[in-house]
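Inside the fold
For reference, the chains in residue letters:
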Amino acid sequence: MEESPSPKNFGTWSRGMEQNYIVHDLSAILERWKISKHAIFASSKPLFDIMETPLVPSIHSYCSRSNNTLHNSYKTPEKDRGSAHSTRRTIPSGFTDNGLKNIVNETSIVTSFSKLSTEEPNDTIVPSLSGEAMTASSQLLLVCRQSAPITLAEAFSTYCKPESIVKLGEGTFGEAFRAGSTVCKVVPFDGTSLVNGETQKKSEEVLEEVLLCLTLNNLRSDRGDNVKENSCDGFIEAKDFWVCQGPYDPSLISAWEDWDAERGSENDHPNDFSSEQCYIVFVQGDGGRDLEKFALLDYNEARSLLVQVTASLAVAESACEFEHRDLHWGNILLDRDEMPNKNQTMTFTIQGKRMCTRTFGLNISIIDFTLSRINTGDAVLFLDLSADPALFEGPKQDKQAETYRKMKRITKDYWEGSFPKTNVVWLVYLVDIVLQKRYSTFTSKDDRELRAFKKRLASYDSARDCLADSFFSDLLSDEDTQPSSLLLL
Ligand SMILES: Nc1ncnc2c1ncn2[C@@H]1O[C@H](COP(=O)(O)OP(=O)(O)OP(=O)(O)O)[C@@H](O)[C@H]1O
């Protein structure tokens, strides 16, 4: 069944017959986006210059708004208020066919699209597949299946009544709200005002983050009926996206103020947005609480966390050269089954091998792909962190700051390259966090095992290597329940 036309009435997507999620034609979306990107620069510059051309402003630095570094530590560090380093997400690929296209959902329906009415005068206008003019914001609307932005209230009304909206968390860029059974992350973009001390993201950058989310969504085991070479459910489910415009809705302001009164927000009050302000709303599954706020019950839950994060990264590495690059403890969500028991499992497929891991009733979801690198098969999406030196200037001994510096040494500032070892350094960080939390139920033997595991991690080059470590061997099995260590080596 194709989706009914209103209000999201453009092609390139469909709703599956027996599924309650939206199927995007990622292949067509990527193709259109690639052509647009190409057209912006190709007339005047060779490919090398396209790769080198700054597109979007920088987003991070370590000069934070608060002196309370402990409180801030779970956020991605920010840049100076008002400064605008130049960095960009870019697309050196799309000119290669490296066999990664199998992650793109080929069951989607492609239909034609027409020129949208909301082009901003300042947008670069580029030819689309159909020869019509398309801007990044038009493409964004197209991906969101909208003909024009709607208000935040209209977007949220799809999921719940306004009075039931609750703020769940905040980041440098976004405010996350619970709306019915979904979580809606609201991120302002394209405006000229600073938000939380940051230059707002540009529509190009938002579009690329959406593409990245869609690519990861295609790894989900519930998408499509064909057996996948690589699949897992460890990345937060992207249920939908909305382009919104206007001031912040009173229901969101009220939820924001409740949170602020209870916990003290680090972010700017959302009162000041103008009627021109645009937002992207990422509609996601509810992943639970982030690791910073979540208390693991015992060593089994700690192992469950580590194996699920490692397996998810390993699958995404295999599928699309994915590197998260910002896996601090605010970006891992956890949720405990109501009746946890030691027999609960999670399945995933890596390079065609279907595997299973014990979870002890804990479910993890990885979020926030702003700094991530991915090869969609059509394009490499990444953020050039070399233009953001302050990201690497965090306090000495701070595990998160040290991890950014480790990544810099690994990549030698060549951020477009594939360096799966960046996933390994975030796993090392994660073991450190688990050790640091000093859960009272951990025995000294548990501590020793974790420390030994951490030492061995240093020698691995990818999350996939890590998954083969003996630390996980009694958690993992394949469908024939053979010892996992034999399967992965
Ligand atoms: N799908 C979700 N389910 C539950 N909570 C969520 C979800 N998405 C976000 N949150 C909450 O909101 C917080 C901020 O979200 P997120 O990290 O995506 O924002 P951000 O602006 O990109 O952050 P950062 O400062 O790391 O760049 C998370 O730490 C988490 O507490």
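Every chain is numbered on its own, with residues counted from 1 as its sequence reads. In keeping with the predicted nature of the model, local features appear solely for residues at pLDDT of at least 70, side-chain atom pairs appear and are counted solely at 80 or more, and the whole-chain, interface and lining totals rest on all residues.

Points about the overall build of the protein chain
In DSSP terms, a helix is any run of H or I states spanning at least four residues, a strand is any run of E spanning at least two, and both are numbered starting from the N terminus. Looking only at helices and strands, the protein chain features 13 helices and 19 strands. In the protein chain, which comprises 489 residues, the proportion classed as buried is 50%. Once C-beta atoms have been placed from the backbone, residue pairs whose C-beta atoms lie within 7 Å are recorded as contacts. Partitioning the intrachain contacts of the protein chain with sequence separation of at least 6 by distance along the chain shows that 72% fall at a separation of at least 24. Exposure in this text rests on C-beta crowding, where 20 or more other C-beta atoms within 10 Å of a residue's own make it buried, 12 or fewer make it exposed, and counts in between make it partly exposed. The C-beta atoms are placed from the backbone.

Quick word on the site of the ligand
Surrounding the ligand, one finds 23 residues, the nearest of these being G169, G171, T172, F173 and A176. Secondary structure elements with two or more residues in the shell around the ligand: β7 (166–170) and β9 (182–189). A per-element tally of the shell around the ligand places β7 first, with 3 residues. Looking at the shell around the ligand, its residues break down into 7 nonpolar, 10 polar and 6 charged. Should the C-beta atom of a residue, placed from the backbone, lie within 6 Å of a molecule or strand, that residue is near it. Note on residue categories: nonpolar means Ala, Val, Leu, Ile, Met, Phe, Trp, Tyr, Cys or Pro, charged means Asp, Glu, Lys or Arg, and polar means any other residue, Gly included.

With respect to the confidence of the model for the protein chain
On average, residues of the protein chain score 79 in pLDDT, and 70% of them reach the 70 mark or higher. Each residue gets a pLDDT score, which is the predictor's confidence in that residue and runs from 0 to 100. Across residues 79–88 the pLDDT falls below 50, and counting only partners more than four positions away or on other chains, this stretch makes 36 contacts in the model. Here residues 91–131 scores under 50 on pLDDT; set against residues more than four positions off or in separate chains, the count is 99 contacts. The complex model carries a pTM of 0.80, and its ipTM stands at 0.97.

Things to note about the pairing of β7
Burial within β7 is extensive, with 4 of its 5 residues counted as buried. Here, any two strands with at least 2 DSSP bridges between them count as paired. In the sheet, β7 pairs with strand β8 (residues 175–179) via 4 bridges, with the strands oriented antiparallel. Counted as the bridge partner of E170 is E175 from β8. Connecting β7 to the antiparallel partner β8 that follows it, the hairpin turn spans 4 residues.

Some thoughts on the domain arrangement of the protein chain
Throughout the structure description, domain borders are defined by an automatic or database domain assignment. For the protein chain, the assigned domains read domain 1 (13–287) and domain 2 (299–366 + 420–488). Contact with domain 1, which involves 18 residues of that partner, is made by 23 residues of domain 2. Grouping the constituent residues of the side of domain 1 that touches domain 2 by class yields 8 nonpolar, 7 polar and 3 charged.

Let's talk about the environment of D272
Looking at the secondary structure, you find D272 in the loop between α7 (250–263) and β11 (278–285). By the C-beta count within 10 Å, which is 11 here, D272 ends up exposed. Linking D272 and A316, residues 44 residues apart in sequence, is a C-alpha distance of 39 Å.

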